[in-house]
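The chain contents come next:
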Amino acid sequence: MPMQAAEVTIYVTDYCPYCAMAKRLLTQKQARFTEINVENRDDLRAWLVKASGQRTVPQIFINGASIGGFSDLSALDKEGGLDPRLGEAPSADAPPMPR
Ligand SMILES: N[C@@H](CCC(=O)N[C@@H](CS)C(=O)NCC(=O)O)C(=O)O
């Protein structure tokens, strides 16, 4: 596991097994992440659809880039792409994630 430099944000809802699996994988990676609950947040759900092209939760972003849901995160890990992404520092002028 490289030193984590990346900013990881995960959008979740209250009852969401895939959210739990995504958080478990990130925790196994010893990744720090910001969790944003979009339960009853139609504004954020609409933004997520635009930003990710997906309608499900969780939605995970690394340095503002959409990764997708748990299956996408897991596939990225299996192909060896997750650790490098977690090691990438965000650009200094990156806008904050909506919350
Ligand atoms: N392939 C997706 C499946 C995610 C999924 O089905 N999430 C459920 C909640 S655990 C969901 O969003 N259901 C529809 C909804 O809540 O609007 C992933 O791995 O993240």
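Overview of the structure. Predicted model only: the values in this text are computed from it and were never measured. (Residues numbered from 1 in each chain as written. Predicted model: local features only at pLDDT ≥ 70, side-chain atom pairs only at ≥ 80, totals over all residues.)

With 12 residues, helix H1 (residues 17-28) extends 16 Å between its outermost C-alpha atoms, agreeing within 8% with the 16 Å of an ideal straight helix rising 1.5 Å per residue. The set of residues buried in H1 consists of Cys19, Ala22 and Leu26. For H1, the arc enclosing every buried residue in end-on projection is 65°, short of the 170-degree limit, so these residues lie on one face. H1 presents Pro17, Arg24, Thr27 and Gln28 as exposed residues on the side facing more than 90 degrees away from its buried surface. Residues of H1 that are buried make contact with strand E1 (8-12), strand E3 (59-62) and helix H3 (70-78). Within two residues after H1, Gln30 carries a phi angle of roughly 55°, on the positive side. (Helix = DSSP H or I, 4+ residues; strand = E, 2+ residues; numbered from the N terminus. Expected span 1.5 Å × (residues − 1). Buried ≥ 20, exposed ≤ 12 C-beta atoms within 10 Å, placed from the backbone. Arc of directions from axis to C-beta. Contact = placed C-beta atoms within 7 Å.)

So, about the sheet that holds E1. As summarised here, the arrangement of the four strands in space is E2-E1-E3-E4, forming an open sheet in which the pairing is mixed. If you trace the sheet from one side to the other, it starts and ends with strand E2 (34-37) and strand E4 (65-68), each paired once. The mean angle between the axes of side-by-side strands here comes to 25°, regardless of whether they run parallel or antiparallel. Examined bridge by bridge, E3 and E4 share three bridges and lie antiparallel to one another. Note on E4: the bridge partner recorded for Ile62 is Ala65. (Pairing = 2+ DSSP bridges. Axes fitted to C-alpha atoms, helices over the stretch in contact; angles between N-to-C directions.)

Neighbouring residues of the ligand: Thr13, Cys16, Pro17, Tyr18, Cys19, Thr56, Val57, Pro58, Gly69, Phe70 and Ser71. If you list the elements that add at least two residues to the shell around the ligand, you get H1 and H3. A total of three residues in the shell around the ligand trace back to one element, the largest contributor, which is H1. A class-by-class count of the residues in the shell around the ligand yields seven nonpolar, four polar and no charged. (Near = placed C-beta within 6 Å. Nonpolar A, V, L, I, M, F, W, Y, C, P; charged D, E, K, R; others polar.)

We now examine the pairing of E2. Where E1 lies against E2, four bridges are found, and the strand directions are parallel. Bridge assignment links Val12 to a residue of E2, and that residue is Asn37. Each parallel crossover has a hand, and the one from E1 via H1 to E2 is right-handed. (Right-handed = clockwise from strand over helix to strand, strands pointing away.)

On to the nonpolar core, then. Grouped together as the largest cluster of nonpolar side chains are 20 residues, with contacts concentrated most on Val8, Ile10, Tyr11, Ala22, Ile60, Ile62 and Leu73. When contributions to this core are tallied by element, the ones reaching two or more residues are E1, H1, E3, H3 and helix H4 (82-86). Of all the elements, E1 adds the most residues to this core, at four residues. With residues near it in sequence (within four places) discarded, Leu73 still touches Ala22, Leu25, Ile60, Ile67, Gly68 and Leu82. (Core = buried A, V, L, I, M, F, W, Y, C linked by C-beta atoms within 7 Å.)

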